[in-house]
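Summary of structural features
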Amino acid sequence: MRTRTFILCLLALCLSTIRGYASGLGDFRVNARFLTDRMAFELHLNSNQYNDLYEINYDFLCNIGPYVSGIAVADTRAMDAYYRYLDERNDDLRWVLSQAEYVRFIDIEYFFRPIYAINNVCYLRVYKIYPNRTHFYFGPPRHYLTYRGGHCRSHFGGVSYYRRNYPARYHHPVYSRPCRISPQMRPHDFAGPRPGNRPPQKPNWKPAPRPDRRPVSVGKPNYRPPHNPHKAPGFKPQERPTRRPEVSPDKMRPKQIREKSNMKEKERKSLSKRL
């Protein structure tokens, strides 16, 4: 009898351990506690908020656990499930956080959108800001080892458990503006656009004209020197006609010199007769 009881207890422990490590992100409980600890530290939450916030983060990580591998590769079905559970988680927080606390929560990206993917692997953003995963500002939540998702929406017909208990536990105005994640945030969280879909184009977008020549090499600009017709292949410079220079007087032939001197002598004689 004792052996049977021991085996059952060991099996239950193994099942709970497997469930805690079923996600590609790691242990649900450790991640939920770390995320809750940093949120309580930065938002200055009280003990009731700290315990409720742990339940909300734990349920969120458990719900997206089966979709982590699909989320990492931007699978349509997995991403739709992820953002549905993320919107439910952020909606539950409206009943736990005050209006001022919720406004600060929305402005902190690693709290409001806690998961991202790089190289087909999902990570928690909070670990980028707080790399020391063994340090905690607060002790474990009150029901850290006993909570099994009993306050999840699936047990209350899709209605928030914290909304029902809000008036009795909290006395602050509820943040009433929409808290859903915009579809434009999807490419910033995961592996770009969905498979099979082309990225959106601008209204007046036109493809760039194809270059006339191929680039010289990859990674270098497609430089084309200015057109110079004198360097074109097959070009022959045009020969200019040569002009014979005039013969200078000092280079005249002797015969021409004699004829010119005789003409001057005749002019001199004719002038002397007239006188």
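Quick caveat: nothing in here was measured; it's all calculated off a predicted structure.

**So, the packing of helix α3 (residues 47-64) against helix α5 (residues 76-93)**
At a minimum axis separation of 10 Å, α3 and α5 run at an interaxial angle of 175°. Classified by the interaxial angle, the pair formed by α3 and α5 is roughly antiparallel. Judged by residue contacts, Leu53, Ile56, Asn57, Phe60, Asn63 and Ile64 of α3 engage Tyr82, Tyr85, Leu86, Arg89, Asp92 and Leu93 from α5. Looking at the contact of α3 with α5 residue by residue, the class counts come to eight nonpolar, two polar and two charged.

**Describing the environment of glutamate 109**
Position of glutamate 109 relative to the elements: it lies in helix α7 (residues 109-112). Given the relative accessible area of 40%, glutamate 109 is considered partly exposed. Spatially, the C-alpha atoms of glutamate 109 and valine 126 are 9.0 Å apart, while their sequence positions differ by 17 residues.

**Concerning α5**
For α5, which comprises 18 residues, the first-to-last C-alpha distance of 26 Å matches the rise-based estimate of 26 Å (1.5 Å per residue) to within 8%. Counting buried positions along α5 gives 13 out of 18 residues, so the element sits mostly inside the fold. Sitting at the amino-terminal end of α5 is aspartate 75, which places a side-chain oxygen 3.3 Å from the backbone nitrogen of arginine 77.

**Focus on helix α6 (residues 99-107)**
When α6 is considered as a whole, its buried residues turn out to be Glu101, Tyr102 and Phe105. Taken end-on, α6 shows its buried residues confined to a sector of 95°, consistent with a single buried face. Turning to α6, the residues buried within the fold contact α2 (28-43), α3, α5 and α7.

**So, unusual backbone geometry**
Backbone geometry places alanine 74, a non-glycine residue, at a positive phi of 60°. Mapped onto the fold, alanine 74 is located in the loop between α4 (68-72) and α5. For alanine 74, a relative accessible area of 0% corresponds to the buried category.

**Points about the pairing of strand β1 (residues 115-118)**
Sheet topology places β1 next to strand β2 (residues 121-124); four bridges connect them, and they run antiparallel. Looking at the pairing, alanine 117 lines up with cysteine 122 of β2. Hairpin connection from β1 to β2: two residues lie between these consecutive antiparallel strands, with asparagine 119 at a positive phi of about 55°.

Reading the values: the criteria
- Position numbers for residues count from 1 along each chain, tracking the sequence in the order it is written.
- The model is predicted, so local features are restricted to residues of pLDDT at least 70 and side-chain atom pairs to those at 80 or more, both for listing and for counting; the totals for chains, interfaces and linings are taken over all residues.
- Side-chain measures here rest on the full set of heavy atoms in the structure, leaving out hydrogens and waters.
- To get an axis, a line is fitted to the C-alpha atoms, and for a helix only the part in contact is used. The angle between two axes follows their N-to-C directions and goes from 0 to 180 degrees.
- Secondary structure elements are defined from DSSP: runs of H or I of at least 4 residues count as helices, runs of E of at least 2 residues count as strands, and each element is numbered from the N terminus.
- Under this scheme an angle from 65 to 115 degrees is roughly perpendicular, one under 35 degrees roughly parallel, and one over 145 degrees roughly antiparallel; angles in between are oblique.
- The contact criterion used throughout is that any non-hydrogen atoms of two residues lie within 4.5 Å.
- Under the scheme applied here, ten amino acids are nonpolar (Ala, Val, Leu, Ile, Met, Phe, Trp, Tyr, Cys and Pro), four are charged (Asp, Glu, Lys and Arg), and all others, including Gly, are polar.
- Categorising residues by exposure relies on relative accessible area from a 1.4 Å probe, with only protein chains included: less than 20% of the type maximum marks a residue as buried, more than 50% marks it as exposed, and the intermediate range marks it as partly exposed.
- The span expected for a helix works out to 1.5 Å for each residue beyond the first.
- Polar contacts here mean pairs of N or O atoms no more than 3.5 Å apart (in protein, one a potential hydrogen donor and the other a potential acceptor; neighbouring residues in sequence count only if both atoms are side-chain atoms).
- Each direction from the helix axis to a C-beta atom contributes to the arc, which is the arc of those directions.
- Whether two strands pair comes down to DSSP finding at least two bridges between them.

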